[in-house]
Structure formats: C-alpha cells, structure tokens
Amino acid sequence: MTLNLLSPAHADWERRRPVLRDGLAALRPDLVALQETIWGRGYDQAADLLGPGYHLARHSRRTDDGVGAVLASRWPLGAVSEIDLHVSGRVELPWPAAVVAEVDVPAGPLFFVHHRPAQRRGQEAERAAQAVLCARIVEERFAGRRPHTILAGDFGDTPDSASVRFWTGRQTAQGFSVTYQDTWETAHPGDTGRRVEYVMVRAGTLGVADCRPAVDADWATGHFGVVADLLVREG
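Residues numbered from 1 in each chain as written. Predicted model: local features only at pLDDT ≥ 70, side-chain atom pairs only at ≥ 80, totals over all residues. Heavy atoms only, no water.

(A) Structural context of the sheet that holds strand β9 (residues 148–154). The strand order across the open sheet built from 6 strands is β6-β7-β8-β9-β11-β10, with neighbouring strands paired in mixed fashion. Edge positions in the open sheet fall to β6 (77–84) and β10 (180–182), since each of these has one partner strand only. Each neighbouring strand pair of the sheet contributes to a mean axis angle of 20 degrees, computed without reference to strand direction. With 9 bridges connecting them, strand β7 (residues 97–105) and strand β8 (residues 108–116) associate as antiparallel partners. Counted as the bridge partner of Val103 is Leu110 from β8. Against the sheet, helix α3 (residues 124–141) engages β6, β7, β8, β9, β10 and β11 (197–202), with an angle of about 160 degrees to β8. (Pairing = 2+ DSSP bridges. Helix = DSSP H or I, 4+ residues; strand = E, 2+ residues; numbered from the N terminus. Axes fitted to C-alpha atoms, helices over the stretch in contact; angles between N-to-C directions. Contact = heavy atoms within 4.5 Å.)

(B) Region of interest: helix α1 (residues 13–27). Along its 15 residues, α1 runs 20 Å from first to last C-alpha, staying within 8% of the 21 Å computed at 1.5 Å per residue. For α1, the full list of buried residues reads Trp13, Arg16, Leu20, Gly23 and Leu24. One face of α1 carries all of its buried residues, which in axial projection span an arc of 100 degrees. Across from the buried face of α1, at angles greater than 90 degrees, the exposed residues are Glu14, Asp22, Ala25 and Ala26. If you follow the buried residues of α1, they end up packed against β1 (2–4), β3 (43–44) and α2 (45–50). After α1 finishes, the residue Arg28 shows a positive phi value of roughly 45 degrees. (Expected span 1.5 Å × (residues − 1). Buried < 20%, exposed > 50% of the residue type's maximum accessible area, 1.4 Å probe, protein only. Arc of directions from axis to C-beta.)

Structural data, given as structure tokens:
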C-alpha cells in the first residue's frame, strides 16, 4: 500500500485521524509506503496509525517540523539502504530519496522500494532523472538474483509523465530501461486519471489480483492512495 497522510499541520488532523486508523486497521497491509508522516516532539504518526506489529524504516531526511516518509512491513526487515535523489540544485526539499528494504517474506526474498522523488511542479525533468537513478541502483543490487520487487510511493507525476512512462517500460532514458507493472492500471484498464501514487511490481515474478483505493474517504488524505493484492507467478 502507498498513502500520503497529508501531515497534521496541513489539515483537520483530529477529524482525519480516526478515519485513517480505522481504515488501516481494516486493511492491515503487509507492506506500506507512507508519505508526509510526523516523527518527533513526542509523536510517531506512523506507529500511531498502523498500531503494533510493524517494522519501520524511516527515510533519513525530514523537514524541520518532523515531516518525512516511512516504510513499514509486517515481516522483519533485512538490509535497508537509502538512495539520495538530489539530482540537481533545483531539488530543494530535504526528502527526495528512495529507501530499499530486503524483506524475507513467505513467498521468498523481496525488495520493497519506497520511492519519494521531487514534488514541486515544474520538476518533471528531475523526477525523470530520479526514476532512472533509482531503477539503475535497484537493478544493480539484485543482479544475478530474481527477488520479487515492489515499487511504491507518491511519485508526484501522473501516468502520462516521463518518469512514470519510464517505470512502466513505455520509454527509455539514458540508454536504459526497466518494466514495472502499474497495479492500478492492470486492475482498471483505461482508468488512468490524475493519480500520483503508485504500487508497481517488477515484471516477472509477481502478478496483480486487485488494486483499489487505500481509504474510502478521499478527504482524509487529499491523495489517491492505493492498496494492491499481489500473487506469486508460478515458475
């Protein structure tokens, strides 16, 4: 699952909090990419909303008021690393990064990549460069292996953008290409919309059973987060 929580400083948090907590408790997702989470000053928003039973890997960079991103897993995390996505001087916010976690799930080794690129309008070129950088490093890390690979997060771009087209194999960049399957597009052919949050799977070992909105009340986040049900391909 991926979900942008729209940090408490930006909206009516006391009204949104129970909706989010109840929604997450009902879903109980195995792997989660959360954006705009508060951590600090005595409050851990991700732990508060998810409840017990999750292992957390936080992106290292946060704003001065504690807003950042976190990866969560119900399975124990193995090696965790972070890819710095400050690809140009125009990337001003502290958080552009991707956290890559190795997770030992019952179906076999899995890479969960929480991609959090530049978010400002007019930074499409940076987001495209960040996608290529992240994809190259992930490919290098599992060279010679075939782990299941899930890519999730708020990409800041719509499905027709250069960065998302690169991720889904519709265009190459810098002489390099990858192919990830957009779970929403697979479950809802032709319904692309204006969404900017994605759960994708690297082509090959994982299939898509379903993909749906993460929270029924869109106003609770201001973003179209999604939750995907995945299956392991035979062979």
